[in-house]
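Report on the structure
These are the residues of each chain, in order.
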Amino acid sequence: MRFVVLATVALILVGCGQQRLYVPPSDGPLATVEFKNEARGLPITVLFYEDGVTCKGLVRASFYSQDFAGSSVTVSAGKPFTFTIDHSTGRRYCRQTFMFTPDQGAYRVVTTTGSEQCALVVEKSVKTDGSAETWVPVTEITRRQYKAPFFQDGEWCEPL
């Protein structure tokens, strides 16, 4: 029995191993994704994955931070980008995982919450004919199901 308990604790510790540091791409077409937390001062956790298709290579961009709002990451354009956002409305805990393929340019992920809801929108910056920057919703976005793998290097999400 003692062996089973020790083995279980060891597996849990392996699963909670050290987080990977994100190394942004340095070549090829690039996109910038900014995360905006408009959740009335509620902290959020932002996770994303080195492999957006399989959700492998978990990178924790923030951990329940109110200061992460306005932070951005550089990602490869033309490749799937998957992210998970965790936040709380006070009475409700929300975890949302989405995937989209950015083109070159700027994007933002905006989270808002009310007393009973969690909302998220992904927008792309568009400039036409020298006009001011406008933001339009990204429509080609896929919701994914978050899942914790048995080991840290496993798949952290799956299609719905």
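Here's what I pulled together on the structure shown here. Note that the structure is predicted; figures quoted are calculated from it, not measured.

1. Points about the side chain of Asp-86
Structurally, Asp-86 can be placed in strand 5 (residues 81-88). Here Arg-95 takes part through its side chain, which lies 2.8 Å from a polar atom of the side chain of Asp-86.

2. Quick word on the packing of aromatic side chains
If you walk through the whole model with that rule in mind, you get 8 aromatic pairs. Taking 5.3 Å as the distance between ring centres and 50° as the angle between the ring planes, the aromatic pair formed by Phe-100 and Tyr-107 counts as tilted. Of the residues examined, Phe-100 reaches a relative accessible area of 2% and is grouped as buried. Judged by relative accessible area, which is 4%, Tyr-107 ranks as buried. Arranged with centres 6.2 Å apart and planes meeting at 45°, the rings of Tyr-146 and Trp-156 form a pair that is tilted. Of this pair, Tyr-146 sits in strand 10 (residues 142-146) while Trp-156 sits in the loop between strand 10 and strand 11 (157-159), and the two are 10 residues apart along the sequence. With relative accessibility at 17%, the residue Tyr-146 sits in the buried group.

3. Things to note about the nonpolar core
In terms of nonpolar packing, the biggest core is built from 20 residues, with Val-33, Phe-35, Phe-81, Phe-83, Ile-85, Phe-100 and Val-109 touching the most fellow members. Of all the secondary structure elements, the ones that give two or more residues to this core are strand 1 (30-37), strand 2 (44-51), strand 4 (71-76), strand 5, strand 6 (93-100), strand 7 (105-113) and strand 8 (118-126). Filtering out sequence-adjacent residues up to four positions away, Val-33 remains in contact with Ser-71, Ser-72, Val-73, Val-75, Phe-81, Phe-100, Tyr-107 and Val-109. In terms of nonpolar packing, the next biggest core, distinct from the first, is built from 7 residues, Tyr-49, Cys-55, Leu-58 and Trp-156 among them.

4. Some remarks on the pattern of salt bridges
Tallied over the full model, the rule gives 3 salt bridges. Its salt-bridge partner being Asp-86, residue Arg-95 comes within 2.8 Å of it at the nearest N-O pair. Judged by relative accessible area, Arg-95 falls into the partly exposed class, the value being 35%. Looking at Asp-86, the relative accessible area reads 5%, which means it is buried. Between Glu-123 and Arg-108 there is a salt bridge, and its shortest N-O distance comes to 2.5 Å. Linking Glu-123 in strand 8 with Arg-108 in strand 7, this pair joins segments that are 15 residues apart in sequence. Classification of Glu-123 as buried rests on a relative accessible area of 14%. Classification of Arg-108 as buried rests on a relative accessible area of 17%.

Reading guide: rules and limits
- Residues numbered from 1 in each chain as written.
- Predicted model: local features only at pLDDT ≥ 70, side-chain atom pairs only at ≥ 80, totals over all residues.
- Heavy atoms only, no water.
- Helix = DSSP H or I, 4+ residues; strand = E, 2+ residues; numbered from the N terminus.
- Polar contact = N/O pair within 3.5 Å; in protein donor to acceptor, adjacent residues only side chain to side chain.
- Phe/Tyr/Trp six-rings, centres within 6.5 Å; stacked < 30°, edge-to-face > 60°.
- Buried < 20%, exposed > 50% of the residue type's maximum accessible area, 1.4 Å probe, protein only.
- Core = buried A, V, L, I, M, F, W, Y, C linked by side-chain atoms within 4.5 Å.
- Contact = heavy atoms within 4.5 Å.
- Salt bridge = Lys/Arg side-chain N within 4 Å of Asp/Glu carboxyl O.

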